[in-house]
Amino acid sequence: MSQKLKAGIVGGTGMVGQRFVQLLDQHPWFQVTAIAASAGSAGKTYEESVKGRWKLSTPIPEDVKSIVVQDASKVEEVASGVDFIFCAVDMKKNEIQALEEAYAKTGTPVVSNNSAHRWTPDVPMVIPEVNPEHLDVIAAQRKRLGTSTGFIAVKPNCSIQSYVPMLHALADFKPTQVVASTYQAISGAGKNFTDWPEMLDNVIPYIGGEEEKSEQEPLRIWGSIVNDEIVKASAPLITTQCIRVPVTDGHLATVFVSFETTPSKEEILARWSNYKGRPQELGLPSAPKQFITYFEEENRPQTQLDRDIENGMGVSAGRLREDSLYDFKFVGLSHNTLRGAAGGAVLIAELLKAEGYIQAK
């Protein structure tokens, strides 16, 4: 690409916003030209605005240090300097919905890391390897918003990335019942151990709203477009428990599943090994070459060892075996702030660019 698209990050000073800054450094297609945050950060350079609260192990990229942070609420001003935005803000749901729609109505595509629009009927919620066809609903959304170029696309909850890809690869066998327990890193709450010392040597068996998301969002991802709206699937029946564990990054899941047509273990492993989605077909910059990696070792995948597989954009599985109550059980793992958050959103943006939805203004 001869000229990079200009990307803005709204909510750029928070933990996910920082991850966007990191991932977009030297990106082959996108360049950060604007960073916006709350009025309190506006007017400072990016380096000044995150001083003392930069949470990543890598330093602040040089290219963004001197960018002057803008007020995210000044939508026209921010939108005028970008081709599209990533949005990762900490606000009330109705405020996020209004803010993202305001950006979209300026003709600016919005790739959202927030949950506010995940159930808006004409907003696609996408795992690029799983349901890229849901982007087709953008045409209806644009009509509703009164724009020919703007729209909102969202990424789903981070925890479901640790098991939905494996189940999706087995869709031909028609999963009927799923029990999943997720063991989720503290970065999923936007924190590290310095911020949250109570998590050291501790497990908290509750994450607000997480179980409902983990049970319902896969059904929307597996849903279909009917009358310009995404209608969620009716199966499989999913029940979950979501637990916070003392881990920096990486969400691990234990999964039990039954099928309408029960596959063999060999068939499951073959489907996982051979699965490719649209990002792999297109060779997108952030796409993992191997989407699902299976470990034969009994003690893998491990969070610390395996969360960074394929630069944190791959998912991994292990311990596949027959079960006495369900057909099979297995363990899954994904990197929650890469595949599950900022990285997943960057991959969505790459897919949108490749499919012609995001263009230079």
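Residues numbered from 1 in each chain as written. Predicted model: local features only at pLDDT ≥ 70, side-chain atom pairs only at ≥ 80, totals over all residues. Heavy atoms only, no water.

Right, let's get into the overall build of the chain. Within the chain, the regular secondary structure consists of 12 helices and 14 strands. Counting only C-alpha atoms and orienting by the principal axes, one finds that the chain spans roughly 60 × 50 × 40 Å. Put simply, the chain has 361 residues, and 57% of those count as buried. Considering only contacts in the chain between residues 6 or more positions apart, those separated by 24 or more positions represent 77%. With an accessible surface of roughly 15300 Å², the chain has 47% of that area assigned to carbon and sulfur atoms. For the chain, the separation between the mean place of its 36 positive charges and that of its 44 negative charges on side chains is 4 Å. (Helix = DSSP H or I, 4+ residues; strand = E, 2+ residues; numbered from the N terminus. Buried < 20%, exposed > 50% of the residue type's maximum accessible area, 1.4 Å probe, protein only. Contact = heavy atoms within 4.5 Å. Areas by Shrake-Rupley, 256 points an atom, 1.4 Å probe, with all protein chains shown as cover. Lys, Arg positive; Asp, Glu negative; His and termini not counted. Charge placed at Lys NZ, Arg CZ, Asp CG, Glu CD.)

Another aspect to go through is the sheet that holds strand β14 (residues 328-334). Judged by pairing direction, the sheet is mixed, and its six strands sit side by side in the order β10-β7-β11-β14-β13-β12 without closing on themselves. Bordering the open sheet on either side are β10 (237-244) and β12 (292-295), each of which pairs with just one other strand. Going across the sheet, the axis of each strand differs from the next one's by a mean of 20 degrees, ignoring polarity. The sheet contact formed by strand β7 (residues 175-184) and β10 spans eight bridges and is parallel. Each residue of the ladder has a partner; that of Tyr183, found in β10, is Ile243. (Pairing = 2+ DSSP bridges. Axes fitted to C-alpha atoms, helices over the stretch in contact; angles between N-to-C directions.)

Moving on: the sheet that holds strand β3 (residues 70-71). An order of β3-β2-β1-β4-β5-β6 is seen for the six strands of this open sheet, with the pairing classed as parallel. Edge positions in the sheet fall to β3 and β6 (151-154), since each has one partner strand and no second. Bridge analysis of strand β4 (residues 84-87) against strand β5 (residues 109-112) gives three bridges, and the strand direction is parallel. In the strand pairing of β5, Ile85 is matched with Val110.

With that out of the way, let us pick up the pattern of salt bridges. Inspection of the entire model under this criterion finds 12 salt bridges. Between Asp172 and Arg271 there is a salt bridge, with its nearest N and O atoms 3.1 Å apart. Of this pair, Asp172 sits in the loop between α7 (164-168) and β7 while Arg271 sits in helix α9 (residues 265-274); the two residues are 99 residues apart in sequence, bridging distant segments of the chain. In this structure, Glu355 engages Arg278 in a salt bridge whose closest nitrogen and oxygen atoms are separated by 2.7 Å. With Glu355 in the segment after α12 (338-354) and Arg278 in helix α10 (residues 278-282), this pair connects stretches of sequence that are 77 residues apart. Ionic contacts of the salt-bridge type, sharing partners, join the residues Glu47, Glu62 and Lys65 into one network. (Salt bridge = Lys/Arg side-chain N within 4 Å of Asp/Glu carboxyl O.)

Without other data, these values stay purely geometric and don't point to any function.
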